[in-house]
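# Coordinates in review
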Amino acid sequence: EKIIPRFIYYYTLSSEFQFQFKEAMHGLIGGVSLSKIRNFTISLPPFSEQQHIVTKLDKIFQTIAAAEEGTKLKHFDSRSLLESVIQSVFDKASLNTNNVRLDELCEDKRGITYGVIKLGDEVHNGVPCLRTSNVKCRKIETDGMKRIANKISDEYSRTILKGGEVLVNVRGTLGGVAVVSDDMKGWNISREVALLPIDAKLANPNYVSYFVSSRQSQQWLSKNTRGAAYQGINLSDLRNLPINLLPKIEQDMIVKQLSELEYKINLLEKYYQKKLRELAALRLALLAQELQSEVA
């Protein structure tokens with residue numbers, strides 16, 4: 001009779017409540033005991049004003065949620081467009097070329113293999129080691145990258161990177177495929193990542209990366225995925241992945257066109273991500289403004 005539950009919900013999103021919550025956090029996982037939550041204070045306006053605040057915030061949040069949903073949909077559509085174009089390109093390529101096995105495109109003295117089995121402890125200024133969390137779809141992210149001892153890396157000299165190799169996730173989070181940039185020379189990879197040392201005379205590494213990340217290749221690999229709880233791709237299956245090999249000049253042209261399109265799509269995605277952050281900030285700003293003005 002005195003408090004509208006939805007007003008409490010909105011209050012828990014406010015900076016006033018969040019400040020009290022953070023101040024009360026303790027322990028390794030940052031928990032807050034119920035006894036402390038019971039003692040939190042709340043700026044409580046009269047019942048009629050609570051109703052007014054809830055009605056107004058419901059309308060505002062509904063509008064922002066619709067804007068967020070529309071932005072997420074555009075984000076999804078832009079990524080879907082890119083994947084559709086990639087699929088279309090390789091569907092056409094399959095009509096004018098012969099298939100070769102993936103391992104036929106690798107350097108003679110460096111075959112398809114995986115990296116370091118036991119990474120050991122984090123070593124300051126050690127050798128950067130890429131894991132499945134770093135290898136995404138056609139890009140490598142270095143956030144959270146682990147550094148391993150030089151001695152451990154040297155024991156796996158076969159996977160010390162030179163630049164230009166293609167990496168494929170074969171354990172855990174599958175679907176990651178990316179080309180190693182030249183500035184990653186001397187780095188290494190973990191057991192969950194396969195190294196594809198593409199012979200640049202035979203194939204453009206970026207062409208191979210686009211092809212392996214395409215829907216048809218991922219479906220082929222999915223059919224050969226082993227394991228239930230911890231899924232993975234056997235290197236023997238990866239070596240046999242069929243690749244539509246076009247003449248080198250046509251590969252380069254495809255890479256140029258797809259790279260330009262992907263660059264534009266990435267710019268769009270950054271714009272959409274920025275819009276989502278702005279909408280989230282707007283929600284909090286309007287929430288604070290409404291609660292403070294009505295309580296005052």
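Presented here is an overview of the structure given in this document. Here the structure is a predicted model, which means the values were calculated and not measured.

## Some thoughts on the sheet that holds strand 2 (residues 113–114)
- Spatially, the four strands line up as an open sheet ordered 2-10-7-8, and their pairing is antiparallel. One side of each edge strand has no neighbouring strand; the edge strands of this open sheet are strand 2 and strand 8 (177–179).
- Two elements, strand 2 and strand 10 (residues 193–196), share two bridges in a ladder whose sense is antiparallel. Across the sheet, residue T113 finds its bridge partner in strand 10, namely L195.
- With respect to the sheet, helix 6 (residues 205–213) is in contact with strand 7 (166–169) and strand 8, its orientation differing from that of strand 8 by roughly 175°.

## Brief notes about the pattern of salt bridges
- Throughout the structure, instances matching the rule amount to 13 salt bridges.
- For D58, the salt bridge goes to R6, with nearest N and O atoms at 2.7 Å. Taken together, the positions of D58 in helix 4 (residues 47–93) and R6 in helix 1 (residues 5–12) put the pair 52 residues apart, joining distant regions of the chain.
- When the shortest N-O distance is used, the salt bridge between K139 and E141 registers 3.5 Å.
- K139 sits in the partly exposed class, given a relative accessible area of 45%.
- By relative accessible area, which is 31% here, E141 ends up partly exposed.

## Examining a nonpolar patch on the surface
- On the surface, I3, I8, I42 and L44 cluster together to form a nonpolar patch covering roughly 290 Å² of accessible area.
- The topology assignment puts L44 in the loop between helix 3 (34–38) and helix 4.
- On the basis of relative accessible area, L44 is assigned to the partly exposed category, the value being 40%.

## Things to note about the sheet that holds strand 9 (residues 188–189)
- One open sheet holds the three strands; their spatial order is 6-3-9, and the pairing between them is mixed. Each edge of the open sheet is held by one strand with a lone partner, namely strand 6 (146–148) and strand 9.
- Of the pairings in the sheet, the one linking strand 3 (residues 127–130) to strand 6 comprises three bridges and is antiparallel in character. Across the sheet, P128 pairs through a bridge with R147, a residue of strand 6.

## As for the packing of helix 6 against helix 7 (residues 215–223)
- It is the contact of helix 6 with helix 7, at a shortest axis distance of 4 Å, that shows an interaxial angle of 60°. Taken together, helix 6 and helix 7 sit at an angle that is classed as oblique. Where helix 6 abuts helix 7, its residues F211, V212 and S213 lie against R215, Q216, S217, Q218 and L221.

## Quick look at the side chain of Q20
- Tracing the backbone shows Q20 in helix 2 (residues 15–24).
- Polar contacts involving the side chain of Q20 include one to the main-chain amide nitrogen of T41, which spans 2.9 Å.
- Those residues within four positions of Q20 in sequence are excluded, and the remaining contacts are Y11, F40 and T41.

## Remarks on unusual backbone geometry
- The backbone of N125 sits at a positive phi, close to 65°, despite the residue not being glycine.
- Position of N125 relative to the elements: it lies in the loop between strand 2 and strand 3.
- Accessibility expressed as a relative area gives 60% for N125, which makes it exposed.
- At R138, a position not held by glycine, the phi torsion is positive, near 65°.
- Examined against the element boundaries, R138 turns out to sit in the loop between strand 4 (135–136) and strand 5 (139–140).
- Among the residues examined, R138 registers a relative accessible area of 14% and is labelled buried.

## Digging into the packing of aromatic side chains
- Overall, the coordinates contain eight aromatic pairs when judged by the stated rule.
- When the centroid spacing of 6.2 Å and the interplanar angle of 75° are considered together, the rings of Y11 and F17 count as edge-to-face.
- Residue Y11 is classed as buried on the basis of its relative accessible area of 4%.
- Take F17: its relative accessible area is 15%, and that puts it in the buried class.
- Ring geometry for F90 versus Y207: centroids 5.4 Å apart, planes at 75°, classification edge-to-face. With F90 in helix 4 and Y207 in helix 6, the pair connects residues that are 117 residues apart, well separated along the chain. As far as the burial class goes, F90 and Y207 line up, both buried.
- A network of ring pairs unites the aromatic residues Y11, F17, F21 and F40 as a single cluster.
- Across from the ring centre of Y114, 5.4 Å away, lies the NZ or CZ of R158, which sits over that ring.
- Its end group placed over the ring of F61, R283 keeps NZ or CZ at 5.4 Å from the ring centre.

Rules behind the numbers
- Residues numbered from 1 in each chain as written.
- Predicted model: local features only at pLDDT ≥ 70, side-chain atom pairs only at ≥ 80, totals over all residues.
- Heavy atoms only, no water.
- Pairing = 2+ DSSP bridges.
- Helix = DSSP H or I, 4+ residues; strand = E, 2+ residues; numbered from the N terminus.
- Contact = heavy atoms within 4.5 Å.
- Axes fitted to C-alpha atoms, helices over the stretch in contact; angles between N-to-C directions.
- Salt bridge = Lys/Arg side-chain N within 4 Å of Asp/Glu carboxyl O.
- Buried < 20%, exposed > 50% of the residue type's maximum accessible area, 1.4 Å probe, protein only.
- Patch = residues over 30% accessible without salt bridge, like charges linked within 9 Å, V, L, I, M, F, W, Y side chains within 5 Å.
- Areas by Shrake-Rupley, 256 points an atom, 1.4 Å probe, with all protein chains shown as cover.
- Parallel < 35°, antiparallel > 145°, perpendicular 65-115°, else oblique.
- Polar contact = N/O pair within 3.5 Å; in protein donor to acceptor, adjacent residues only side chain to side chain.
- Phe/Tyr/Trp six-rings, centres within 6.5 Å; stacked < 30°, edge-to-face > 60°.
- Lys NZ or Arg CZ within 6 Å of the ring centre and 35° of its normal.

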